[in-house]
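Listed below are the residues making up each chain.
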Amino acid sequence: MPGPLDVFRDNALAGHVALITGGGTGICRGIAAAYARLGADVCIVSRKQDVLDIAAKELSAQTGRTVIGIAADVRDPEAITRAIAATVERFGKLDTLVNGAAGNFLAPAAALSPNGFKTVIDIDLNGTFNASRAAFEHLSKTGDSLILNISATLHYHGTPLQVHASAAKAGVDAVTKNLAVEWGRFKIRVCGIAPGPIAETEGMKRLAPGELTDKMTAGIPAARFGTIDEIAAAAVYLRSPAAAYVTGHVLVVDGGHCVATPALGMSFS
Ligand code: COA
């Protein structure tokens, strides 16, 4: 059985340059790996240079492409602007921006401090805007650009202990639609991916620790968590010419989780 990334042609992304915030770990590291494997040069951005250095070295060794890491906090518009400029300086252009930097934790709304709420909005939502705004000038020169925003399905329903992240990701999806409308004429497509429960991610370790895994799996029609490569494959599709007419769309990749009504204990076959 081929893996999710095996269906793509070798060098499908040759000549591409991508900058991926949150690319040092988890899902966005998987997207960085997939893009580089298919021939792209990649800059990964997060707050910690030591994490980036290790990831960039490993990804370069695995893929044979140039992968660099530049530390910047997406909450700081000047820092992310500098990181984007340095990427363009190094690689000559920017084709794709993936906004994946995110912060999250479980917290009851009544106990969440205003600063806790603001912190997650600042990272996820404001960070997405800051990076997109800073990348616009470069992306608009390329003639075939993509901004890919990683959101979630939390805000499709009310999700307990997640008022901050749900509000932030709802905002991210709004940014996706609005920028798609405004920047289409600059040949910039703006899409999103809304991952469901994905195995071996920091998010799932924190949000669904071991004992909750079986309970959560029972609510997923696919009867399993997704894999990082399955999200990366969606990111490759959205970057590819196959998606040239797709913009303003958020692709849900969740094994059917968000469309399933809780089965109310009923069993069926
Ligand atoms: N529960 C409740 N509030 C929390 C919290 C938690 N687990 N973690 C942080 N906060 C609150 C803090 O109390 C603080 O508010 P206060 O000043 O009113 O006390 C505010 O959020 C900022 O926290 P701080 O740790 O100073 O912010 P930071 O910028 O260093 O880091 C996060 C914020 C969200 C990135 C941090 O929680 C974190 O490191 N998370 C783990 C990594 C992660 O989220 N990965 C992505 C998973 S999807």
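Everything discussed here concerns the structure shown above.
Residues numbered from 1 in each chain as written. Predicted model: local features only at pLDDT ≥ 70, side-chain atom pairs only at ≥ 80, totals over all residues. Heavy atoms only, no water.

Visitor: Quick one: what's the story with the overall build of the protein chain, residue by residue and with numbers?
Guide: A count of helices and strands for the protein chain gives 8 helices and 7 strands. Taken over the C-alpha trace, the protein chain has a radius of gyration of 18 Å; the compact-globule value for 269 residues is 18 Å, and the two agree within 12%. With the principal axes as the frame, the protein chain shows a C-alpha extent of 55 × 50 × 40 Å. The 269 residues of the protein chain split such that 50% are buried. Taken as a whole, the protein chain presents about 13,100 Å² of accessible surface, with 57% of it coming from carbon and sulfur. Each charge class in the protein chain can be summarised by its mean position, and for the 24 positive and 24 negative side chains these summaries are 3 Å apart. (Helix = DSSP H or I, 4+ residues; strand = E, 2+ residues; numbered from the N terminus. Rg over C-alpha atoms; globule rule 2.2 N^0.38 Å. Buried < 20%, exposed > 50% of the residue type's maximum accessible area, 1.4 Å probe, protein only. Areas by Shrake-Rupley, 256 points an atom, 1.4 Å probe, with all protein chains shown as cover. Lys, Arg positive; Asp, Glu negative; His and termini not counted. Charge placed at Lys NZ, Arg CZ, Asp CG, Glu CD.)

Visitor: Tell me about the site of the ligand, residues and numbers included.
Guide: In the region of the ligand, 14 residues are neighbours, and Arg-75, Asn-104, Ser-113, Asn-115 and Gly-116 sit closest. Here Arg-47 contributes a side-chain N or O atom positioned 3.5 Å from an oxygen atom of the ligand. Within the side chain of Asn-115, a nitrogen or oxygen atom sits 2.9 Å from an oxygen atom of the ligand. Alone, the ligand offers 930 Å² of accessible surface; in the complex the protein occludes 55% of this. Elements with a minimum of two residues in the shell around the ligand: helix 4 (114-139) and helix 6 (202-207). (Near = heavy atom within 4 Å. Polar contact = N/O pair within 3.5 Å; in protein donor to acceptor, adjacent residues only side chain to side chain.)

Visitor: Describe the environment of Ala-34, listing the residues and the values that go with them.
Guide: If you trace the backbone, Ala-34 turns up in helix 1 (residues 26-37). Distance from Ala-34 to Ala-233, taken between C-alpha atoms, is 7.5 Å for residues 199 residues apart in sequence. Excluding residues within four positions of it along the chain, Ala-34 makes contact with Leu-5, Ala-232 and Val-236. (Contact = heavy atoms within 4.5 Å.)

Visitor: If you had to explain empty space enclosed by the protein to someone new, which residues and values would you point to?
Guide: Per the stated rule, a full pass over the model turns up 1 cavity of 30 Å³ or more. The volume enclosed by the largest cavity comes to roughly 30 Å³. Considering the residues around the largest cavity, the lining is formed by Leu-13, His-16, Val-17, Ala-18, Tyr-35, Ala-40, Thr-96 and Arg-239. Partitioned by chemical class, the residues of the lining of the largest cavity number 5 nonpolar, 2 polar and 1 charged. (1 Å grid on protein atoms, 1.4 Å probe; cavity = no way out; pocket = protein on both sides within 12 Å on 5 of 7 lines; lining within 4 Å. Points joined across faces, edges and corners; volume = space filled by probe spheres on them. Nonpolar A, V, L, I, M, F, W, Y, C, P; charged D, E, K, R; others polar.)

Visitor: Tell me about the state of the cysteines, and name the residues and values.
Guide: Where two cysteines share a covalent bond between their sulfur atoms, that bond is called a disulfide. Taken as a whole and assessed by the stated rule, the structure comprises 0 disulfides. Distance from the sulfur of Cys-43, which forms no disulfide, to the nearest cysteine sulfur (Cys-28) is 13 Å. Look at Cys-43 and you get buried, because its relative accessible area is 0%. No disulfide involves Cys-191; its sulfur sits 15 Å from the nearest other cysteine sulfur, which is in Cys-28. Overall, Cys-191 belongs to the buried group, its relative accessible area being 0%. (Disulfide = S-S within 2.5 Å.)

Visitor: Can you lay out the nonpolar core for me, pointing to particular residues and giving the numbers?
Guide: Counting 39 residues, the largest nonpolar core has Ile-20, Ile-31, Tyr-35, Val-42, Leu-148 and Ile-193 as its most contacted members. Elements with a contribution of two residues or more to this core: strand 1 (17-21), helix 1, strand 2 (41-46), helix 2 (49-63), strand 5 (145-150), strand 6 (188-195) and helix 8 (228-239). Here Tyr-35 is in contact with Leu-13, Ala-18, Ile-20, Ala-40, Val-42, Thr-96, Val-98, Leu-146, Leu-148, Ala-235, Val-236 and Arg-239, once residues within four sequence places are set aside. Counting residues in hydrophobic clusters, the runner-up holds 38 residues, among them Ala-79, Val-88, Ile-121 and Ala-152. (Core = buried A, V, L, I, M, F, W, Y, C linked by side-chain atoms within 4.5 Å.)

Visitor: Could you give an account of the packing of aromatic side chains, with specific residues and numbers?
Guide: Applying the stated criterion to the full structure yields 2 aromatic pairs. Ring centres of Phe-136 and Trp-183 lie 4.6 Å apart, and the angle between their planes is 40°; this geometry places the pair in the tilted category. Of this pair, Phe-136 sits in helix 4 while Trp-183 sits in helix 5 (residues 163-183), and the two are 47 residues apart along the sequence. Trp-183 matches Phe-136 in its accessibility class, with the two residues each being buried. On the numbers, 4.9 Å between centres and 85° between planes, the contact of Phe-136 with Phe-186 is edge-to-face. On the criterion of sequence distance, the pair formed by Phe-136 in helix 4 and Phe-186 in the loop between helix 5 and strand 6 is long-range, its members being 50 residues apart. Residue Phe-186 is classed as partly exposed on the basis of its relative accessible area, which comes to 27%. Members of the aromatic cluster, connected to one another through ring pairs, are Phe-136, Trp-183 and Phe-186. (Phe/Tyr/Trp six-rings, centres within 6.5 Å; stacked < 30°, edge-to-face > 60°.)

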